[in-house]
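Secondary and tertiary structure notes
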Amino acid sequence: MIESLPRREREVFEALCSLGEGTAAAVRGAMADPPSDSAVRTLLGRLVAKELIGHRTVNQAYVYAPVPQADAVAETALQRLVQTFFQGSAARAATALLGMETRLTRDEIDELQRAIDEARGEVK
């Protein structure tokens, strides 16, 4: 889904997702190398037309937010991350993520074990 967006649309979409919601100015402020104000507004309009984001009016300003497709978007972004930084290896990515966590809860450990069991075909 988002992998098929042009680069600038994807950057605007990712900035908005990181904010959760925001005005065009807030989205522009969240970008590392932002285009002009009018370009950000145009790109947000394109994302609205593609139904990836929506907007509401607050104090005469549009406040944009991603539409509830978080799982699909997260999966696509994660696939790109794994391909780019972990040579396509989900195991390498998982190992790196686990190395970032200092302490896992019992539920998190159980969830990870279930995923491992599924991958091995040992679903209980």
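The chain is annotated in an unreviewed UniProt entry as Putative transcriptional regulator of Sphingomonas kyeonggiensis. What the UniProt record of the chain gives under Sequence similarities (unreviewed entry) is the line "Belongs to the BlaI transcriptional regulatory family."

Structurally, glutamate 9 can be placed in helix H1 (residues 7–19). For glutamate 9, a relative accessible area of 4% corresponds to the buried category. In this structure glutamate 9 touches Leu43, Arg46, Leu47 and Lys50, once residues within four positions along its chain are discounted.

Below, the discussion takes up the layout of surface pockets. Counted as a void, the largest pocket has a volume near 230 Å³. The wall of the largest pocket is formed by Ala91, Ala94, Thr95, Leu98, Leu112, Ala115, Ile116 and Ala119. The set of elements that each furnish at least two residues to the lining of the largest pocket consists of helix H5 (90–100) and helix H6 (106–120). Here the lining of the largest pocket is composed, by residue class, of 7 nonpolar, 1 polar and no charged. Approximately 190 Å³ is the volume found for the second largest pocket. In this structure, the second largest pocket is lined by Leu78, Leu81, Val82, Ala90, Ala93, Ala94 and Leu97. Elements supplying a minimum of two residues to the lining of the second largest pocket: helix H4 (70–85) and H5. The element best represented in the lining of the second largest pocket is H5, accounting for 4 residues. For the lining of the second largest pocket, a count of residues per class yields 7 nonpolar, no polar and no charged.

Conventions we followed
- Residues numbered from 1 in each chain as written.
- Predicted model: local features only at pLDDT ≥ 70, side-chain atom pairs only at ≥ 80, totals over all residues.
- Heavy atoms only, no water.
- UniProt positions renumbered as here; feature names shortened; annotations may be inferred.
- Helix = DSSP H or I, 4+ residues; strand = E, 2+ residues; numbered from the N terminus.
- Buried < 20%, exposed > 50% of the residue type's maximum accessible area, 1.4 Å probe, protein only.
- Contact = heavy atoms within 4.5 Å.
- 1 Å grid on protein atoms, 1.4 Å probe; cavity = no way out; pocket = protein on both sides within 12 Å on 5 of 7 lines; lining within 4 Å.
- Points joined across faces, edges and corners; volume = space filled by probe spheres on them.
- Nonpolar A, V, L, I, M, F, W, Y, C, P; charged D, E, K, R; others polar.

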